[in-house]
Amino acid sequence: MNRSIRISVVSLVGATVALGSVGTGIASAASPYYGQTYAQAAAKIESRGQTARIATVIGSQLAIDDCIVTNAYKSFTLNDRGRNAHRGTWLLSVNCNRAVAAPGKPGNSVMTPEGQKAKAIEVRADSLNNNFVNAMEKGKTPTCGASAERAANCKNFCDKYGLCSEDLVKYLASL
């Protein structure tokens, strides 16, 4: 009886250690560039006088600048003297699949939190673009031009996500 209790305790401890090590991969969400495009993250890194390098790439649906950073960490490669060989270098892991999956195009499922957020952003961008086109065709003021506050909100959205039409971006710049 004693032996079976010891085996159970050892098994429980082993399972706990195994599960604990699986959870360590979640820390990537805490990286300072998580969720940004590669272009945005690289620009921020380079503005600080540091270097951005791609460590890993998942998928191939997007141009590299449009890929989403899923992890970022400082390089820890040592030279022959045991010192950091690449001081100031950030290694970025990027996901180049679409923000939302479509037939034949890999991406996040709209059933996941990431997919729901991406889908909401796409829907808002489509709405802004369609409103702009319809208003211009009818000679009316687009929703984004109705007030300075709305124009600023639209501009921030367009700058952040890059999903607004070129014509809408030019219109907002002219306000």
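The shown structure was predicted, so the numbers you read here are calculated from the model rather than taken from an experiment. All residue numbers refer to position in the chain's written sequence, counted from 1. A pLDDT threshold of at least 70 governs which residues receive local features in this predicted model, and a stricter bar of 80 or more applies before side-chain atom pairs are shown or counted, although totals over entire chains, interfaces and linings include all residues. Values reported for side chains reflect all heavy atoms of the structure, with hydrogen atoms and water molecules removed beforehand.

### Structural notes on helix H5 (residues 166–174)
Residues of H5 that are buried include every one of Leu168, Tyr171 and Leu172, and no others. Buried residues along H5 cover an arc of 95 degrees about the axis, so they all sit on one side. Exposed residues on H5 whose side chains face more than 90 degrees from its buried face are Glu166, Lys170, Ala173 and Ser174. Residue contacts follow a heavy-atom distance rule, with two residues in contact if any of their heavy atoms lie within 4.5 Å. Only DSSP runs of H or I with at least four residues qualify as helices, and only runs of E with at least two residues qualify as strands; both kinds are numbered from the N terminus onward. Where the residues of H5 are buried, they touch helix H3 (113–137) and helix H4 (148–161). For each residue, the accessible area found with a 1.4 Å probe, counting protein chains only, is set against the maximum for its type, and the residue is called buried under 20%, exposed over 50%, and partly exposed in between. The arc refers to the directions leading from the helix axis to the C-beta atoms.

### Brief notes about the state of the cysteines
Note that a disulfide, as used here, is simply two cysteine sulfur atoms within 2.5 Å. For the coordinates displayed, the defined rule picks out 3 disulfides. Here Cys67 pairs with Cys96 through a disulfide, and the sulfurs are 1.9 Å apart. For the disulfide bridge between Cys67 and Cys96, the dihedral angle about the S-S bond is near 110 degrees, and by the sign convention the bridge is right-handed. With Cys67 in the loop between strand S1 (51–58) and strand S2 (68–74) and Cys96 in the loop between strand S3 (89–95) and H3, the pair connects residues that are 29 residues apart, well separated along the chain. Taking relative accessible area as the criterion, Cys96 reaches 2% and is therefore assigned buried. Between the sulfur atoms of Cys158 and its disulfide partner Cys164 the distance amounts to 2.0 Å. Taking the sign of the S-S torsion, about -80 degrees here, the bridge from Cys158 to Cys164 comes out left-handed.

### Focus: the packing of H3 against H5
Running from N to C, H3 and H5 cross one another at 75 degrees; their axes reach a closest spacing of 9 Å. What the angle tells us is that H3 and H5 run roughly perpendicular. Here H3 contributes Leu128, Asn129, Phe132 and Met136 to the contact with H5, which in turn contributes Asp167, Leu168 and Tyr171. Every axis corresponds to a line fitted to the C-alpha atoms, with the helix fit spanning only the stretch in contact, and the corresponding angles, defined between N-to-C directions, vary from 0 to 180 degrees. Orientation categories follow fixed angle ranges, with anything under 35 degrees roughly parallel, anything over 145 roughly antiparallel, 65 to 115 roughly perpendicular, and all other angles oblique.

### Considering the pattern of salt bridges
Think of a salt bridge as a Lys or Arg side-chain nitrogen and an Asp or Glu carboxyl oxygen that are within 4 Å of each other. With the rule as written, the count across this model stands at 2 salt bridges. The residue Lys155 makes a salt bridge to Asp159 at a minimum N-O spacing of 2.9 Å. Highlighted residues: Lys155 and Asp159, both in helix H4, separated by 4 residues, approximately one helical turn. Look at Lys155 and you get partly exposed, because its relative accessible area is 38%.

### Describing the environment of Thr141
Along the chain, Thr141 falls in the loop between H3 and H4. Considering only alpha carbons, one finds Thr141 and Asn131, 10 residues apart in sequence, at a separation of 9.5 Å. Those residues in contact with Thr141 that sit more than four places away from it in its chain are Ala135, Ala146 and Tyr171.

### Here's the deal with the packing of H4 against H5
In the contact formed by H4 and H5, the axes pass within 10 Å of each other and the chain directions differ by 135 degrees. As judged from the angle between their axes, H4 and H5 are oblique. Seen along the crossing, H4 lies across H5 with a hand that is left-handed. Residues Ala151, Cys154, Lys155 and Cys158 of H4 pack against Leu168, Val169 and Leu172 of H5. Residues are grouped as follows: nonpolar covers Ala, Val, Leu, Ile, Met, Phe, Trp, Tyr, Cys and Pro; charged covers Asp, Glu, Lys and Arg; every other residue, Gly included, is treated as polar. Among the residues making up the contact of H4 with H5, the classes are represented as 6 nonpolar, no polar and 1 charged. For any pair of crossing helices, the crossing counts as left-handed if the nearer helix is rotated counterclockwise from the farther one by less than a right angle, and right-handed if it is rotated clockwise.

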